[in-house]
Amino acid sequence: PNAILPPDILILLSSNVCILDFHGCMPNGLFERLVCIFINQSASNLNALEPRIHKVWSQIWFGSSVFILLKSFTKNDVIELSVSQTGHDHLDISTTFVPILTSALRQMN
């Protein structure tokens, strides 16, 4: 079986952005799977607002003041995850969301 090559993961800590670059070989269905995984994770928070889901981007809330924006750039085989915080809640991208990403990638192999 063909193994999925790990993407380059670039974390821009100053802007709370994580970029997954698959260099032309992003697995089919990965973006949709990530959206489902993040929605499942956010559902455990009773204060989470309803997610907004579109074909190439999704906004998923983790509480009432923290959300992620997950975007798929299929032409470039890149997935971008950014964290926005509108209140006093704070979730660190590298300790909260990157482990979810890496776990999902391992499961796809």
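Described in the following lines is the structure provided in the data block.

What counts and how
Residues numbered from 1 in each chain as written. Predicted model: local features only at pLDDT ≥ 70, side-chain atom pairs only at ≥ 80, totals over all residues. Heavy atoms only, no water. Core = buried A, V, L, I, M, F, W, Y, C linked by side-chain atoms within 4.5 Å. Buried < 20%, exposed > 50% of the residue type's maximum accessible area, 1.4 Å probe, protein only. Helix = DSSP H or I, 4+ residues; strand = E, 2+ residues; numbered from the N terminus. Phe/Tyr/Trp six-rings, centres within 6.5 Å; stacked < 30°, edge-to-face > 60°. Expected span 1.5 Å × (residues − 1). Arc of directions from axis to C-beta. Salt bridge = Lys/Arg side-chain N within 4 Å of Asp/Glu carboxyl O. Polar contact = N/O pair within 3.5 Å; in protein donor to acceptor, adjacent residues only side chain to side chain. Pairing = 2+ DSSP bridges.

Of all hydrophobic cores here, the largest spans 23 residues; its most connected members are L34, F38, I68, L70, I79, L81 and F97. When contributions to this core are tallied by element, the ones reaching two or more residues are β2 (17–21), α1 (30–42), β5 (66–73), β6 (78–85) and α2 (93–108). When residues in this core are grouped by element, the largest group, six residues, is from α2.

Bringing the packing of aromatic side chains into the picture now. Applying the stated rule across the entire model yields two aromatic pairs. Look at F38 and F62: their rings are 6.5 Å apart centre to centre, the planes differ by 85°, and that puts the pair in the edge-to-face class. Pair noted here: F38 is in helix α1 and F62 is in the loop between β4 (57–61) and β5, with a separation of 24 residues, a long-range link. Classification of F38 by relative accessible area gives buried; the value is 0%. Centre to centre, the rings of W61 and F67 are 4.7 Å apart; their planes meet at 50°, and the pair counts as tilted. On the accessibility criterion, W61 (12% relative accessible area) is buried.

This part takes up α1. Note that an α-helix has 3.6 residues per turn; residues three or four places apart therefore point the same way. The first and last C-alpha atoms of α1 sit 18 Å apart over 13 residues, in line with the 18 Å expected at 1.5 Å per residue. For α1, the full list of buried residues reads L30, F31, L34, V35, F38 and S42. The arc enclosing the buried residues of α1, seen along the axis, measures out at 140°, which places them on a common side. Turned more than 90 degrees from where α1 packs its buried face, C36 and N40 sit exposed.

What follows is about the pattern of salt bridges. In a structure, side chains of opposite charge can pair up when their charged atoms sit close to one another. What the rule picks out here adds up to one salt bridge. Where E80 meets K71, a salt bridge forms, and the shortest distance between an N and an O atom there is 3.3 Å.

Before going further, it helps to examine the environment of D21. Mapped onto the elements of the fold, D21 is located in strand β2. Taking the C-alpha atoms as reference, D21 lies 8.6 Å from E80; in sequence the two are 59 residues apart. Of the polar contacts made by the side chain of D21, one reaches the backbone nitrogen of H23; its length is 3.0 Å.

Attention now moves to the pairing of β6. On a regular strand, one side chain projects to one face of the sheet and the next to the other, so that they alternate. Where burial is concerned, most of β6 is hidden: six out of the eight residues are buried. Bridging between β5 and β6 involves eight bridges; their strand directions are antiparallel. Across the sheet, the residue bridging to F73 is V78, located in β6. Connecting β5 to the next strand, β6, in antiparallel fashion are four residues, including D77 with a positive phi near 55°.

Here we come to the environment of N28. One can find N28 in the loop between β2 and α1. Along the sequence, N28 and T74 sit 46 residues apart, while their C-alpha atoms lie 9.8 Å from each other.

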